Amino acid sequence: MKKRGRNPNRGKLTSRASKVTADLKKPIPLRKLVQKYGVSKQALNQFIKARKIKRPFIPKPNHVTTCRLCRQITKAASKPGAEFLALPTVMKQVGCVFSKTKDRREFRDHLRRLKHAKIVSPLFGRIIGKHYEGAFQDYFKLRIPVTHIGRKHGIANLLSVIERYKRKGFKLPPPLFKYDGDARRARLRERRNAGKRAKVKLKSLADRFRP
Ligand SMILES: [Zn+2]
């Protein structure tokens, strides 16, 4: 049964030739025009050939916007602080398993496309070790000496690691812990004096027990 109010020209091209020609000269995908005019793709192609219409160049749909994994990676990478997450973590967020070689390869390939298209930050997915991720999270949050944070995560010199990542372009703020030079010197002096006092005490003890 025909629908009421249906375009009577639907399915016909010649009666709307100038409009069809104009549309064909625009970068509109052929399948869209198939829908619009209610004709077959073949009919449109014949029309193009018969009227010698030059179709414009239509770029192929972009992989990075149509691919499911690329969209998931883009979403994960757009979260604040995402570049400070370790690779196993970001892979898990998009349903890939770091320990699977196949997953790692797939993730890397799609991430490369996204970085090439400048959709994802070049810093995203650069941190490999989970211990660095933990150390950076603590560095942002904890007001304790950086060496303590490093020790907690088994990193010998976290300060130099931080400097290295800064050189790579990571935006790392100064540590929350404020190093007080005077207090540090006073502590060292106290320790030295304590050592001296202990020696003196030992000497006096030794003197007392001298025969
Ligand atoms: Zn992809």
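Each remark here, short or long, concerns the structure printed above.
A short tour of the structure in this document, coming up. (Residues numbered from 1 in each chain as written. Predicted model: local features only at pLDDT ≥ 70, side-chain atom pairs only at ≥ 80, totals over all residues.)

Between its first and last C-alpha, helix H8 (residues 130-141) extends 17 Å over 12 residues, near the 16 Å set by a 1.5 Å rise per residue. Every buried residue of H8 is listed here: Ala-135, Phe-136 and Tyr-139. Here the buried residues of H8 occupy an arc of 100° about the axis, which is enough to place them on one side. The inward-facing, buried residues of H8 contact helix H9 (146-152) and helix H10 (158-168). (Helix = DSSP H or I, 4+ residues; strand = E, 2+ residues; numbered from the N terminus. Expected span 1.5 Å × (residues − 1). Buried ≥ 20, exposed ≤ 12 C-beta atoms within 10 Å, placed from the backbone. Arc of directions from axis to C-beta. Contact = placed C-beta atoms within 7 Å.)

Their axes nearest at 10 Å, the elements helix H5 (residues 68-77) and helix H7 (residues 101-116) cross at an angle of 65°. Put simply, H5 runs roughly perpendicular to H7. Where H5 crosses over H7, the handedness of that crossing is right-handed. Counted together, Leu-69, Cys-70, Ile-73 and Thr-74 of H5 and His-110, Leu-111, Arg-113 and Leu-114 of H7 form the full contact between these two elements. Tallied by class, residues from the contact of H5 with H7 come to 5 nonpolar, 2 polar and 1 charged. (Axes fitted to C-alpha atoms, helices over the stretch in contact; angles between N-to-C directions. Parallel < 35°, antiparallel > 145°, perpendicular 65-115°, else oblique. Left-handed = near helix turned anticlockwise from the far one by under 90°. Nonpolar A, V, L, I, M, F, W, Y, C, P; charged D, E, K, R; others polar.)

The subject of this paragraph is the nonpolar core. The nonpolar side chains of a soluble globular protein tend to be buried, and buried together. The biggest cluster of nonpolar side chains holds 26 residues, and the ones touching the most others in it are Ile-73, Met-91, Val-120, Ala-135 and Leu-158. Two domains each donate at least three residues to this core, and these are domain 2 (63-116) and domain 3 (130-168). Once residues lying within four places of it in the same chain are set aside, the contact partners of Ile-73 are Val-94, His-110, Leu-111, Leu-114 and Val-120. (Core = buried A, V, L, I, M, F, W, Y, C linked by C-beta atoms within 7 Å. Domains from an automatic or database assignment.)

Further remarks concern unusual backbone geometry. Located in the positive-phi region is Lys-52, a residue other than glycine, with phi close to 50°. On the neighbour-count criterion, Lys-52 (6 C-beta atoms within 10 Å) is exposed. Positioned with a positive phi, Lys-118 is a non-glycine residue whose angle comes to about 60°. Secondary-structure assignment places Lys-118 in the loop between H7 and H8. C-beta crowding within 10 Å serves as the criterion here: with 8 such atoms nearby, Lys-118 is assigned to the exposed category.

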